[in-house]
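One-letter residues, chain by chain:
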Amino acid sequence: GVNLPIAQRFITEKANKVFAEKKLPVHVDKIKILLTGRLGLSGVQIIKSTGDTIVSAGDIKVSVKILPLISHKVKIMGVTIDDANVNIVTDKASGKLNIISVFSSADKPASPKSSKGKKWDISVGSVYLRNVRFSMNDSIKGIHIYQAVKDLTVTFEKFSLSRRQVFASYVSISDAVGGIILGDSQDAP
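Structure report, in brief. (Residues numbered from 1 in each chain as written. Predicted model: local features only at pLDDT ≥ 70, side-chain atom pairs only at ≥ 80, totals over all residues. Heavy atoms only, no water.)

**Here's the deal with the nonpolar core**
Here is step 1 of the chain: Core analysis: the biggest nonpolar cluster contains 31 residues, and V28, L41, V44, I46, I60, V62 and I76 have the highest contact counts within it.
Here is step 2 of the chain: Only α1 (5-21), β1 (26-33), β2 (38-47), β3 (53-65), β4 (73-89), β5 (121-138) and β6 (143-160) provide two or more residues apiece to this core.
Here is step 3 of the chain: Once you skip the residues sitting within four places of it in the chain, V62 turns out to touch G37, R38, L39, I76, G78 and V79. (Core = buried A, V, L, I, M, F, W, Y, C linked by side-chain atoms within 4.5 Å. Buried < 20%, exposed > 50% of the residue type's maximum accessible area, 1.4 Å probe, protein only. Helix = DSSP H or I, 4+ residues; strand = E, 2+ residues; numbered from the N terminus. Contact = heavy atoms within 4.5 Å.)

Structure representation (structure tokens):
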């Protein structure tokens with residue numbers, strides 16, 4: 001694998017340079033890649049230009065099968081996310097959720113829509129979240145969600161984005177606290 005510190009620094013710097021060139025508000029402190037198809041990310045952040053952090057995650061680990069990539073299939077065996085914070089709010093300037101507005105910018109070139117070639121199929125086997133906090137405050141639509149979970153495990157019988165199918169065979173949640181408040185919506189700015 002790519003386990004040498006100098007190789008990890010090079011890959012991390014290259015990824016952050018690509019994010020900056022593509023005007024993506026993403027930053028990663030450390031990337032580790034193994035030949036077995038395992039990918040580790042540490043210190044992942046999505047930050048608005050104003051400095052507000054939308055998403056931060058201590059560690060993200062992904063295990064991917066390599067051979068299916070040849071036939072346009074991304075088979076993710078498992079995803080583990082530790083110590084994450086997600087804070088989604090309505091962007092007052094655009095009326096969109098901040099996670100959407102940071103990825104849609106007028107100064108980015110439009111990517112051409114292409115229907116050529118085979119579509120990629122993405123499937124996931126399991127997801128494990130540890131110490132995750134999520135909040136969404138959409139004052140325009142009157143939706144407020146607050147959730148914290150110590151441990152969440154989901155194993156999928158079938159999870160295919162291209163087929164729009166999600167069937168969970170196992171779900172386990174411990175130490176979850178949260179709520180949903182539905183209120184009056186406000187007119188968009």
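**Looking at the pattern of salt bridges**
Here is step 1 of the chain: Using the criterion set out here, one finds two salt bridges in the structure.
Here is step 2 of the chain: Two residues, D82 and R130, come together in a salt bridge whose shortest N-O distance is 2.9 Å. In this pair, D82 is assigned in strand β4 and R130 in strand β5, connecting sequence segments 48 residues apart.
Here is step 3 of the chain: As a salt-bridge pair, R163 and D121 come within 3.9 Å of each other at their nearest N and O atoms. Residue R163 is found in the loop between β6 and β7 (165-182), and its partner D121 is found in strand β5; the two are separated by 42 residues along the sequence.
Here is step 4 of the chain: Taking the relative accessible area as the measure of exposure, D121 reaches 13% and is therefore buried. (Salt bridge = Lys/Arg side-chain N within 4 Å of Asp/Glu carboxyl O.)

**Side note on the layout of surface pockets**
Here is step 1 of the chain: Estimates place the volume of the largest pocket at around 230 Å³.
Here is step 2 of the chain: Along its surface, the largest pocket is lined by 15 residues, and K32, L39, G40, I60 and K61 are the ones closest to its centre.
Here is step 3 of the chain: Contributing elements (two or more residues each) for the lining of the largest pocket: β1, β2, β3 and β4.
Here is step 4 of the chain: Among the residues making up the lining of the largest pocket, the classes are represented as five nonpolar, five polar and five charged. (1 Å grid on protein atoms, 1.4 Å probe; cavity = no way out; pocket = protein on both sides within 12 Å on 5 of 7 lines; lining within 4 Å. Points joined across faces, edges and corners; volume = space filled by probe spheres on them. Nonpolar A, V, L, I, M, F, W, Y, C, P; charged D, E, K, R; others polar.)

**With respect to the sheet that holds β2**
Across a sheet, strands are paired by hydrogen bonds formed along the backbone, either parallel or antiparallel in direction.
Here is step 1 of the chain: With mixed pairing, the seven strands of this open sheet are ordered in space as β1-β2-β3-β4-β5-β6-β7. Each having just a single partner strand, β1 and β7 make up the two edges of the open sheet. Strand-to-strand twist across the sheet, computed as the mean angle between neighbouring axes with direction ignored, equals 10°.
Here is step 2 of the chain: Across 16 bridges, the pairing between β6 and β7 is antiparallel. By the bridge assignment for β7, V154 is matched with V171. (Pairing = 2+ DSSP bridges. Axes fitted to C-alpha atoms, helices over the stretch in contact; angles between N-to-C directions.)

**Observations concerning the environment of K32**
Here is step 1 of the chain: Checked against the element boundaries, K32 lands in strand β1.
Here is step 2 of the chain: Separated by ten residues in the primary sequence, K32 and S42 place their C-alpha atoms 8.6 Å from one another.

**As for the packing of aromatic side chains**
Here is step 1 of the chain: A full pass over the atoms with the stated rule returns one aromatic pair.
Here is step 2 of the chain: Geometrically, the ring pair formed by F156 and F159 is edge-to-face, given 4.9 Å between the ring centres and 65° between the ring planes. (Phe/Tyr/Trp six-rings, centres within 6.5 Å; stacked < 30°, edge-to-face > 60°.)

**Focus: unusual backbone geometry**
Here is step 1 of the chain: The backbone of D83 shows a phi angle near 55°, a positive value even though the residue is not glycine.
Here is step 2 of the chain: Looking at the element boundaries, D83 is found in strand β4.
Here is step 3 of the chain: A positive phi angle, close to 55°, is found at N131, a residue other than glycine.
Here is step 4 of the chain: Relative to the assigned elements, N131 resides in strand β5.

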